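What follows is the residue order along each chain.
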There are 2 protein chains.
Amino acid sequence: MLSYTEENYLKALLQLTLEEGREEAGTNELAAYLGVKPATATAMLKKLREKELIEYERYGKITLRPAGRKSALEVLRKHRLWETFLYEKMEFTWDEVHEVAEQLEHIQSSKLVNKLDKFLGYPKFDPHGDPIPTAEGELKAIPRKTLSQIEVGESCVMVAVRDNSAPFLQYVVQLGLGINNKIKVLARQPYDAQLEIEVNGQKSTVSQKFAENIFVV
Amino acid sequence: MLSYTEENYLKALLQLTLEEGREEAGTNELAAYLGVKPATATAMLKKLREKELIEYERYGKITLRPAGRKSALEVLRKHRLWETFLYEKMEFTWDEVHEVAEQLEHIQSSKLVNKLDKFLGYPKFDPHGDPIPTAEGELKAIPRKTLSQIEVGESCVMVAVRDNSAPFLQYVVQLGLGINNKIKVLARQPYDAQLEIEVNGQKSTVSQKFAENIFVV
DNA sequence: TATATAAGTTAGAGTAATCTAACTATTAAA
DNA sequence: TTTAATAGTTAGATTACTCTAACTTATATA
């Protein structure tokens with residue numbers, strides 16, 4: 001049985017390594033992601049290694065072992081199903097779901113997870129456009145780019161966001177952006193790291209950094 | 001902000017004092033109810049007193065102060081709403097809901113509680129027949145007896161159970177009993193502390209102790 | 001009203017997760 | 001190839017909750 005905290009560390013490792021082509025993560029990176037000090041992460045890493053959930057040695061990189069990956073995928077599945085529930089059934093907005101799902105993802109009941117999945121009609125994606133892992137622990141990673149990688153003059157369709165925080169999502173909404181919206185890149189100022197885009201006829205200027213947090217196809 | 005544990009102590013105190021006519025509870029009683037040692041309860045009681053949630057002094061009885069009662073009612077409201085959700089929407093059986101609701105009752109989101117209430121159609125009772133506190137913290141205690149108090153030859157209607165544990169509820173189901181069932185008391189053996197009852201034409205013999213856990217009107 | 005029993009408390013220790021401050025190892029650049 | 005910057009670790013302390021063992025207070029009855 002894993003603690004609430006251990007589940008969070010494993011989920012964080014999964015999300016850090018889910019980023020394309022990555023296999024391993026570092027202690028500081030993990031600590032920053034979870035909002036704890038590196039010393040705290042080191043202590044927990046020793047414990048997770050003891051439980052054979054991760055591969056890790058002093059001053060080395062961290063990778064998930066199969067058992068750790070499985071647990072992390074279960075938590076991620078619950079997180080994304082609960083987000084869908086809140087959005088679809090509880091009238092929550094896009095930017096409100098993440099925080100509450102962070103709590104709900106730790107509820108222990110495989111029966112509940114599967115009934116919830118059924119109740120929601122076996123959704124494949126959560127409200128942020130991210131794929132929901134299956135009960136068997138499969139996660140289909142669809143190939144996608146970020147808005148920052150789109151050439152000037154090209155168009156693309158927004159499929160997901162990288163950042164799930166409320167402030168970020170509120171800004172996305174303010175720009176008139178949303179999942180499945182068509183975005184055209186009008187111009188790029190490399191000097192100033194700015195991007196001019198058009199969505200539903202509405203023109204906006206966003207930073208390169210912002211554009212890296214919008215996933216498109 | 002209350003911890004998960006503090007919430008559990010307050011809820012336990014509410015449930016112990018909810019029993020008709022009671023206002024106060026004892027340390028050992030509370031500890032037994034929560035499955036901790038008396039020494040542990042003493043430590044927590046000091047903390048809850050410090051936070052002005054309870055009235056309590058060394059070797060004295062414990063009572064909830066208004067703020068403590070309010071918090072406890074909020075947790076109880078969430079517990080009973082989630083039980084209703086699991087039973088009505090997630091296809092859980094009577095004996096499965098309590099355990100998972102014990103976890104769900106600690107989710108912090110007033111928006112979620114109220115949306116859930118709406119989603120369920122503002123239910124007044126949970127699947128065990130217990131009243132659900134309102135958002136304003138009102139709990140209507142309907143006057144009720146236990147099956148053990150019914151005279152021989154009299155009939156009554158089951159409205160709730162005192163014990164929400166799975167083994168107890170499974171036995172209730174096995175006897176053909178359920179909320180709103182009419183129960184007739186056929187005979188009583190005071191010597192042996194046994195009760196002969198009839199439900200839907202099915203006759204059973206149950207202990208006095210069992211009958212004290214069935215609420216009827 | 002003395003005293004045995006039940007109820008409740010204190011002291012001291014353990015575990016889980018966190019921190020700060022000081023230290024060590026790795027790496028990348030000069 | 002030395003060294004400065006970055007990354008990571010250790011030691012020691014803190015907080016929250018729990019325990020056991022020994023002790024104290026309240027109570028109930030003989």
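First things first, this report covers the structure right here in the doc.

The rules we used
Residues numbered from 1 in each chain as written. Chains lettered and ligands numbered in written order. Predicted model: local features only at pLDDT ≥ 70, side-chain atom pairs only at ≥ 80, totals over all residues. Heavy atoms only, no water. Contact = heavy atoms within 4.5 Å. Buried area = accessible area lost by both parts, 1.4 Å probe. Salt bridge = Lys/Arg side-chain N within 4 Å of Asp/Glu carboxyl O. Polar contact = N/O pair within 3.5 Å; in protein donor to acceptor, adjacent residues only side chain to side chain. Helix = DSSP H or I, 4+ residues; strand = E, 2+ residues; numbered from the N terminus. Nonpolar A, V, L, I, M, F, W, Y, C, P; charged D, E, K, R; others polar. Buried < 20%, exposed > 50% of the residue type's maximum accessible area, 1.4 Å probe, protein only. Least-squares fit on C-alpha atoms with pLDDT ≥ 70 in both. Near = heavy atom within 4 Å.

### Let's talk about the interface of chain B and chain A
Consideration 1: Contacts between the two partners involve 21 residues from chain B and, on the opposite side, 21 residues from chain A.
Consideration 2: Surface buried jointly by chain B and chain A totals about 1800 Å² across both partners, of which 68% is contributed by carbon and sulfur atoms.
Consideration 3: The largest per-residue losses of area from chain B upon contact with chain A belong to B:Met90, B:Gln103 and B:Lys111, which jointly make up 26% of the total buried on that side.
Consideration 4: Taken together, the links from chain B to chain A amount to 6 salt bridges.
Consideration 5: A salt bridge links B:Glu96 to A:Lys111; the shortest N-O distance between them is 2.8 Å.
Consideration 6: For the pair chain B and chain A, the interface holds 8 residue pairs in polar contact (both at pLDDT 80 or more).
Consideration 7: Of all the elements in the fold, those that place two or more residues in the side of chain B that touches chain A are α4 (66-89), α5 (97-104) and α6 (110-119) of chain B.
Consideration 8: Here the side of chain B that touches chain A takes 6 residues from α6(B), the largest share from any one element.
Consideration 9: A per-class count over the side of chain B that touches chain A returns 11 nonpolar, 4 polar and 6 charged.

### Considerations on the pattern of salt bridges
Consideration 1: Tallied over the full model, the rule gives 24 salt bridges over all chains.
Consideration 2: Salt-bridge contacts for A:Lys118 lead to B:Glu91; the nearest nitrogen and oxygen are separated by 3.2 Å. Of this pair, A:Lys118 sits in helix α6 (residues 110-119) while B:Glu91 sits in the loop between α4 and α5, which puts the two residues in different chains.
Consideration 3: You can call A:Lys118 partly exposed: its relative accessible area is 40%.
Consideration 4: What emerges from the salt-bridge pattern is a single network uniting A:Glu6, A:Lys47 and A:Lys51.

### A few points about the relation of the copies chain B and chain A
Consideration 1: Of the two same-sequence chains, chain B is brought onto chain A (RMSD 0.0 Å, axial shift 0.0 Å) by a rotation of 180 degrees. On the angle and the small slide along the axis, the relation comes out as a two-fold axis. Residue B:Leu104, judged by its C-alpha, is the member of chain B lying nearest the rotation axis, at 3.8 Å.
Consideration 2: Take the interface residues of chain B: 100% of them recur as interface residues in chain A, which is what a same-surface contact looks like.

### A look at the protein's contact with DNA strand D
Consideration 1: Surrounding DNA strand D, one finds 22 residues, the nearest of these being A:Thr42, A:Lys46, A:Tyr56, B:Thr40 and B:Lys47.
Consideration 2: Here, DNA strand D places atoms within 4 Å of the protein, and 82% of those atoms are sugar or phosphate.
Consideration 3: The separation between a phosphate oxygen of DNA strand D and a polar side-chain atom of A:Thr42 is 2.7 Å.
Consideration 4: Between DNA strand D and A:Arg58 there is a distance of 3.0 Å, counted from a phosphate oxygen to a side-chain nitrogen or oxygen.
Consideration 5: Counting only elements with at least two residues in the surface near DNA strand D, the list comes to α2 (27-34) and α3 (38-50) of chain A together with α1 (4-18) and α3 (38-50) of chain B.
Consideration 6: Grouping the amino acids of the surface near DNA strand D by side-chain chemistry returns 9 nonpolar, 7 polar and 6 charged.

### Topic: the protein's contact with DNA strand C
Consideration 1: In the neighbourhood of DNA strand C, 21 residues make up the surrounding shell, with A:Ser3, A:Thr40, A:Lys47, B:Lys46 and B:Tyr56 lying closest.
Consideration 2: Near the protein, meaning within 4 Å, the atoms of DNA strand C are sugar or phosphate in a fraction of 82%, with bases accounting for the rest.
Consideration 3: Residue A:Ser3 places a side-chain N or O atom 2.6 Å away from a phosphate oxygen belonging to DNA strand C.
Consideration 4: A:Tyr59 places a side-chain nitrogen or oxygen 3.5 Å from a base oxygen of DNA strand C.
Consideration 5: Elements supplying a minimum of two residues to the surface near DNA strand C: α1 (4-18) and α3 of chain A together with α2 (27-34) and α3 of chain B.
Consideration 6: Classifying every residue of the surface near DNA strand C gives 9 nonpolar, 7 polar and 5 charged.

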